[in-house]
Amino acid sequence: MTGGLDPVSPEDLPARFLAWSRHVGGEAPMYDTLCRRVAGDGEILALLADVPATQPTANVLFAAVHYLLLGGAVSPLAGHYPTVTGSVVTPDGDPWPLFKAFCLEHAPEIRHLTATRTVQTNEVRRSAMLMPAIATASAGRPIALVELGAAAGLNLRFDRYRYRYAGVGAGDTGDQRSPLLLRTTPRGSLMPPIPQKVPDVRWRRGIDLHPIDAADPDGVRWAAALLWPNQVERLERLRTAMGIARAVPVDIVEGDAVTLAAVNAADAPGDLHLIVMHSFMLNQIDAQGRESLDQALARLSRVRAVDRLSMEWLRPDEGPMLRMTRYRDGEAVTVTLAAVHHHGEWIEWLDQSSGNPLTTSIT
Ligand SMILES: C[S@@+](CC[C@H](N)C(=O)[O-])C[C@H]1O[C@@H](n2cnc3c(N)ncnc32)[C@H](O)[C@@H]1O
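Residues numbered from 1 in each chain as written. Predicted model: local features only at pLDDT ≥ 70, side-chain atom pairs only at ≥ 80, totals over all residues. Heavy atoms only, no water.

## Considerations on the environment of Leu 209
Okay, so step 1: Topologically, Leu 209 is positioned in the loop between β5 (201–208) and α9 (217–225).
Okay, so step 2: Its relative accessible area of 39% is what places Leu 209 among the partly exposed residues.
Okay, so step 3: Put simply, Leu 209 and Val 146 are 63 residues apart on the chain and 15 Å apart in space, counted from C-alpha to C-alpha. (Helix = DSSP H or I, 4+ residues; strand = E, 2+ residues; numbered from the N terminus. Buried < 20%, exposed > 50% of the residue type's maximum accessible area, 1.4 Å probe, protein only.)

## Concerning the packing of helix α4 (residues 57–70) against helix α7 (residues 107–116)
Okay, so step 1: Where α4 contacts α7, the axes come no closer than 9 Å and their chain directions differ by 125 degrees. Taken together, α4 and α7 sit at an angle that is classed as oblique. When you trace α4 past α7, the crossing you get is right-handed. Contacts between α4 and α7 involve Val 60, Leu 61, Ala 64, Val 65, Tyr 67 and Leu 68 from the first element and Glu 109, Ile 110, Leu 113 and Thr 114 from the second.
Okay, so step 2: Here the residues of the contact of α4 with α7 sort into 8 nonpolar, 1 polar and 1 charged. (Axes fitted to C-alpha atoms, helices over the stretch in contact; angles between N-to-C directions. Parallel < 35°, antiparallel > 145°, perpendicular 65-115°, else oblique. Left-handed = near helix turned anticlockwise from the far one by under 90°. Contact = heavy atoms within 4.5 Å. Nonpolar A, V, L, I, M, F, W, Y, C, P; charged D, E, K, R; others polar.)

## Looking at the packing of helix α1 (residues 13–24) against helix α2 (residues 29–38)
Angle between the axes and distance between the axes are the two parameters that describe a pair of packed helices.
Okay, so step 1: Remark: α1 packs on α2, axes separated minimally by 8 Å, with the N-to-C direction vectors making an angle of 170 degrees. With respect to α2, the axis of α1 lies roughly antiparallel. On the side of α1, the interface is formed by Phe 17, Leu 18, Trp 20, Ser 21 and Val 24, while α2 contributes Tyr 31, Asp 32, Cys 35, Arg 36 and Val 38.
Okay, so step 2: Taken together, the residues that form the contact of α1 with α2 break down as 7 nonpolar, 1 polar and 2 charged.

See below:
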């Protein structure tokens, strides 16, 4: 269902790096530069022969290098990583020769990490996008929440954070005692429906192929390695959120969400409104798996209503979108709720009236 572990074909590798360079754009200038150099370097590309095709290859390579540096690998390359040095001042000069030398010096570890680890970026600020969507779906009812591709389950604990939406004067929403404040900026003409009280989650469960245990330093280091090294504030958010996760345990089942989603959702108490959500995970599931997941949720809806929230980046020309599918008696109706920034910097709530072409259904 997940596309198996077939490696990426070598001739696709340069294009993957060039595409990722466009993806990171101005947000991670060093990665942008390095992507274009790796795309033309046979020695570095040869290290990636065993990366599964379902994995974003560039993301995994950069995370492997970052992981080794965060673990204390000694190299002048570390100076280019504010997340490692703690200083935003980076050396002048091209990091590429240092990066290449580091990869070749650590070739066995890089081969192993890129072949066995997967992209599990758990961005907690996505909760600021999901929270108004959960409020929309639940409409004040107590909920059972299932998260597919939960990673460490940081977004599954969305009710444990405090939220500040720029320009919304009513003060912060969420858990006022939370050590984690998530700030985001609403865009466009419509304000997201920010509830006065955070939705009432009475039951929750995550599913992930490789759950990250917030109490496992190695898992937390891998999650940190997936962040971009110039974005120190994301690392601070991640560390705070992992601290909350250690204090608030949730059940994250290990396995394939395609086969496990409906059966786990069916465990939720019947008097709660059931919401199944996922963010930035469908790109790791093939078309057949996505179809099976959709059918499984539609079948479940013959027994109980299911609302699905999907925050995914499925089409490069469109950007990440937040959609809600209401499954009722085997039928599904989807609306697009919002366009969002992939790491939660902004949210643009959309007009969901039928005249809006963006509200037509793609799950
Ligand atoms: C990029 S991470 C996103 C994590 C989290 N949803 C977020 O937005 O912060 C994708 C997650 O989906 C998980 N994943 C990918 N395919 C999966 C599958 N078939 N079943 C369960 N989890 C899967 C990965 O292990 C990873 O933890």
